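One letter stands for each residue in the lines below.
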Amino acid sequence: MQQVLSIPSLLREYEVLCKSQETRILDSKRRITLALHAQEVDRIPVIQYSQAILFPRHEIFYSREKNLIQQLLNINLTLEHMTDYVPFLDPFEGVTVMAEAFGCHVTIPENGDPWVREPIIREPEEVYSLSKPRIDNPVYSRVIETLRFFEEQTNGLLPVACTDPQGPLDVALLMWESSGFLMALLERPREVHHLLRLITEAFVEFYSLQLEVLKHPALPGHSFPLVGLNDGISISDDAVVLLSPELFEEFDKPYLERISQAFGGLYYHSCGDFGSCLDGILSIWGLRAINGHLSPKELKPEYLGRIVERGIGVFVGISDPSVGWESFEFQDPIEVYENYYLPEVLRNTDGKGVVLTGYGSYSGYLHTYRGLDNIAIDAGGHGIEGSALLNVPLTKKNENFQRILSLLQRFLEKS
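Every value quoted in this text rests on a predicted model; they were computed, and no experiment measured them.

A word on the packing of aromatic side chains
Here's step 1: The tally for this structure, following the rule as stated, stands at 15 aromatic pairs.
Here's step 2: Here Tyr-268 and Phe-274 contribute two aromatic rings whose centre-to-centre distance is 6.4 Å and whose plane-to-plane angle is 75°, an arrangement assigned as edge-to-face. Residues Tyr-268 and Phe-274 agree in their burial class; the two are buried.
Here's step 3: Taken together, the ring pairs in this structure connect Tyr-140, Phe-203, Phe-206, Tyr-207 and Phe-263 into an aromatic cluster.

Describing the side chain of Asp-231
Here's step 1: Of note, Asp-231 is situated in the loop between helix H8 (189–213) and strand S5 (233–236).
Here's step 2: Residue Asp-231 is classed as buried on the basis of its relative accessible area, which comes to 11%.
Here's step 3: Separated by 2.6 Å, the side chains of Asp-231 and His-37 make a polar contact.
Here's step 4: Ignoring anything within four residues of it in the chain, the contact list for Asp-231 reads His-37, Phe-263, Gly-264, Gly-265, Leu-266, Tyr-267 and Arg-288.

Comments concerning the pairing of strand S7 (residues 287–294)
Here's step 1: For S7, a buried count of 7 out of 8 residues is recorded, marking the element as mostly surrounded by other parts of the structure.
Here's step 2: For strand S6 (residues 266–269) and S7, the ladder comprises 4 bridges, and the chain directions are parallel. Pairing of Leu-266 across the sheet is with Leu-287, part of S7.
Here's step 3: With 6 bridges connecting them, S7 and strand S8 (residues 313–318) associate as parallel partners. In the sheet register, Ala-289 faces S8, and the bridge partner there is Gly-313.
Here's step 4: For the handedness criterion, the β-α-β arrangement of S7, helix H12 (residues 301–308) and S8 is classed as right-handed.

Comments concerning the sheet that holds strand S9 (residues 354–357)
Strand pairing in a sheet is mediated by backbone hydrogen bonds. Such pairs are either parallel or antiparallel.
Here's step 1: Spatially, 6 strands are ordered S1-S9-S8-S7-S6-S5 in an open sheet, and the strand pairing comes out parallel. The sheet is open, and its two edges are formed by strand S1 (46–47) and S5, each paired on a single side.

Some details on the pattern of salt bridges
Here's step 1: Following the criterion strictly, the structure yields 19 salt bridges and no others.
Here's step 2: For Arg-30, the salt bridge goes to Asp-27, with nearest N and O atoms at 4.0 Å. Taken as a pair, Arg-30 and Asp-27 lie in helix H2 (residues 22–36) at a separation of 3 residues, close to a single helical turn.
Here's step 3: A relative accessible area of 38% means that Arg-30 is categorised as partly exposed.
Here's step 4: Close ionic contact of Arg-31 with Asp-42 constitutes a salt bridge, the shortest N to O distance being 2.9 Å. Remark: Asp-42 occurs in the loop between H2 and S1 and Arg-31 occurs in helix H2; sequence separation between them is 11 residues.
Here's step 5: The exposure class of Arg-31 is buried, given its relative accessible area of 8%.
Here's step 6: Taking relative accessible area as the criterion, Asp-42 reaches 53% and is therefore assigned exposed.
Here's step 7: The network of salt bridges with shared partners includes Arg-31, Asp-42, Arg-43 and Asp-84.

What about helix H5 (residues 138–153)?
Count 3.6 residues to each turn of an α-helix, and residues three or four apart come out pointing the same way.
Here's step 1: The terminal C-alpha atoms of H5, which comprises 16 residues, lie 22 Å apart, in line with the 22 Å expected from a rise of 1.5 Å per residue.
Here's step 2: Those residues of H5 that sit buried are Val-139, Tyr-140, Val-143, Ile-144, Thr-146, Leu-147, Phe-150 and Glu-151. Down the axis of H5, the buried set is contained in an arc of 155°. They therefore lie on one face. Across H5 from its buried face, at more than 90 degrees, point the exposed residues Pro-138 and Glu-152.
Here's step 3: Of the surrounding elements, those touching the buried residues of H5 are helix H3 (64–79), helix H4 (97–101) and H8.
Here's step 4: Where H5 starts, the residue carrying a side-chain oxygen 2.9 Å from the main-chain nitrogen of Val-139 turns out to be Asn-137.
Here's step 5: Count one or two residues on from H5 and you reach Asn-155, which has phi positive near 55°.

Criteria and thresholds
Residues numbered from 1 in each chain as written. Predicted model: local features only at pLDDT ≥ 70, side-chain atom pairs only at ≥ 80, totals over all residues. Heavy atoms only, no water. Phe/Tyr/Trp six-rings, centres within 6.5 Å; stacked < 30°, edge-to-face > 60°. Buried < 20%, exposed > 50% of the residue type's maximum accessible area, 1.4 Å probe, protein only. Helix = DSSP H or I, 4+ residues; strand = E, 2+ residues; numbered from the N terminus. Polar contact = N/O pair within 3.5 Å; in protein donor to acceptor, adjacent residues only side chain to side chain. Contact = heavy atoms within 4.5 Å. Pairing = 2+ DSSP bridges. Right-handed = clockwise from strand over helix to strand, strands pointing away. Salt bridge = Lys/Arg side-chain N within 4 Å of Asp/Glu carboxyl O. Expected span 1.5 Å × (residues − 1). Arc of directions from axis to C-beta.

On their own, these measurements won't tell you what the molecule is for.
Listed below in structure tokens is the structure:
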């Protein structure tokens, strides 16, 4: 017989778990906050996740209830075992929200995330026909309704983050045909700056509105763990990997700094290898911490030392198995973690200014859920079989967490 999952039943379970871990959660938040501000901690925080995917990926974008049920379930699964995770809700509605508000047509594929069907800018002059989205436009209103739904349904028990904040450059690249946009950086800078200023003004307005609506906002937000300070907002800047250092200084940094100034600081995420622009990123006013995916092809280990020596924290994930591991003969994610991830992070940082993920990185342990008639699937809807992190018993998870702490201590003692 299948179990019926509901928001009230999951909240009751959450309250029990949270009450039993009240001291641990407060300690973890303090530890994470200190680490991301490159200050001394009693030990490196390790955020070990668990999750069971209940619904096909696309369904959470059509149903606030399913989105919330999925998140509450994963939070409860994570709180069952040892971790430094501090719970909050992340009402992710896709990277396309700002572009959609400007008029881009967005579609949601089966088992996927929203994407822009086609750009609305193909010629540079078209930027002058755009207007900043009205504060009451349907896209903003939809997001605000989601935030209110999350807070009302959970009775304020968990802090709620703003929806995924994409930086101006990312939004512009969704709105403008990509090859034309990249050519315009060199040939039509005036039009590019006009668009980036417009997006930046809209970003500050929209995310200020979200923070006004939320009674208990989770900060800094998407891509970062919860911290105990209101000193900045998270932002994604994936398009930076396409820029030279000179183009970053002209077309990216000024708009990131405008956002940082508006929200009192910046927690910066980027996928890919952003090393060529790292010096510029580190000079952003109000930069607090960086999140990236460690591998030989994305966040390279040698970047970590350059980050933390500037007093900037780093939340270190691990790249997807398909990115950057071709030359390695690792058999499973635990080998990647113990033979590459931990040694490289610690060798380059000495453990300062670092928040780690556990085995499996952001995905962590994957599960079929307690007899429900489903299979373990990843975020793209693909079935997972035979993983060392699939359906791991609770006792083994706790043993693994203790093993990570032991390995950390051993590596640091050797250094």
